[in-house]
Each structure stands twice: as C-alpha cells, then as structure tokens.
Amino acid sequence: MKRRDFLDDKDVKGFVEWAGHLVRGEWGLRHHWTTQERYGGRFRCCRLYEAYLRYSWRHLSFDQTMVFFDKCRKELVSVDVIVTCDDKRVTVQG
C-alpha cells in the first residue's frame, strides 16, 4: 500500500482526527507498566510513536492481536474528537 492510499483510508483519517494532538506530538502520552517478562517486561513511553516502537506483541498470535485490535476499535467508536485535557483520559481495557 502506498503512503497516500494509507493516509486517504477513512479509518486512518478518523484515527488522526480523533488522536491528532497525540499524532502531531502536541500532547504527550506518558504511560508505563511492568508485566512478566514473557508479556514484554517493563514498558514506558512519552509519545505515541514511542509506544508503537516499544510495545511487544510477542505473547499474542496474529489472530489474537487482531481480536484485541477489533475490541479496541469497538470501544473507541464511542469516543469523540480529543479537544480538552479531560478528553485525554479515555482508556481502552486490554
């Protein structure tokens, strides 16, 4: 898929609109947790791109990952555009 086709996808456009402040780096994303090593061990990020780079899906098969993403998508459908600081507090339970 070419970059332009990806960026023109309605779901990608919707995500960028929803999380634009995070995607553009205008707002930070501070998050951390510790799990068993087989689930990725320690995780820490301050930006959305760091979350992408550092997250490990080793404990999930491809099919399990797709089920997880579908669950996230369904939960996020009800979330509106992030505009205020209170809007940033939305979370998806994994």
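Up top is the structure.
All values derive from a computational prediction rather than experimental measurement.

Some words on a nonpolar patch on the surface
Logical step 1: Taken together, the side chains of Phe 15, Val 16 and Val 23 define a hydrophobic patch exposed on the protein surface, amounting to about 220 Å² of accessible area.
Logical step 2: As for its position among the elements, Val 16 is in helix H2 (residues 10–18).
Logical step 3: Residue class for Val 16 comes out partly exposed when judged on its relative accessible area of 35%.

With respect to the environment of Arg 42
Logical step 1: In this fold, Arg 42 is placed in strand E2 (residues 42–45).
Logical step 2: Between the C-alpha atoms of Arg 42 and Arg 54, which are 12 residues apart in sequence, the distance is 9.8 Å.
Logical step 3: If sequence neighbours within four positions are ignored, Arg 42 has contacts with Trp 33 and Thr 34.

Quick notes on the state of the cysteines
Logical step 1: The full count for this structure, using the stated rule, is zero disulfides.
Logical step 2: Looking at the unpaired Cys 45, the closest cysteine sulfur is the one in Cys 46, lying at 6.7 Å.
Logical step 3: Note on Cys 45: relative accessible area 3%, which makes it buried.

Quick word on the packing of aromatic side chains
Logical step 1: Under the definition given, this model contains two aromatic pairs.
Logical step 2: Ring centres of Phe 15 and Trp 18 lie 5.9 Å apart, and the angle between their planes is 40°; this geometry places the pair in the tilted category. Highlighted residues: Phe 15 and Trp 18, both in helix H2, separated by three residues, approximately one helical turn.
Logical step 3: Between Phe 68 and Phe 69, the ring centres sit 6.1 Å apart and the planes meet at 45°, which makes this aromatic pair tilted.
Logical step 4: By relative accessible area, which is 22% here, Phe 68 ends up partly exposed.
Logical step 5: Phe 69 gets classed as partly exposed once you look at its relative accessible area, which sits at 40%.

Conventions we followed
Residues numbered from 1 in each chain as written. Predicted model: local features only at pLDDT ≥ 70, side-chain atom pairs only at ≥ 80, totals over all residues. Heavy atoms only, no water. Patch = residues over 30% accessible without salt bridge, like charges linked within 9 Å, V, L, I, M, F, W, Y side chains within 5 Å. Areas by Shrake-Rupley, 256 points an atom, 1.4 Å probe, with all protein chains shown as cover. Salt bridge = Lys/Arg side-chain N within 4 Å of Asp/Glu carboxyl O. Helix = DSSP H or I, 4+ residues; strand = E, 2+ residues; numbered from the N terminus. Buried < 20%, exposed > 50% of the residue type's maximum accessible area, 1.4 Å probe, protein only. Contact = heavy atoms within 4.5 Å. Disulfide = S-S within 2.5 Å. Phe/Tyr/Trp six-rings, centres within 6.5 Å; stacked < 30°, edge-to-face > 60°.

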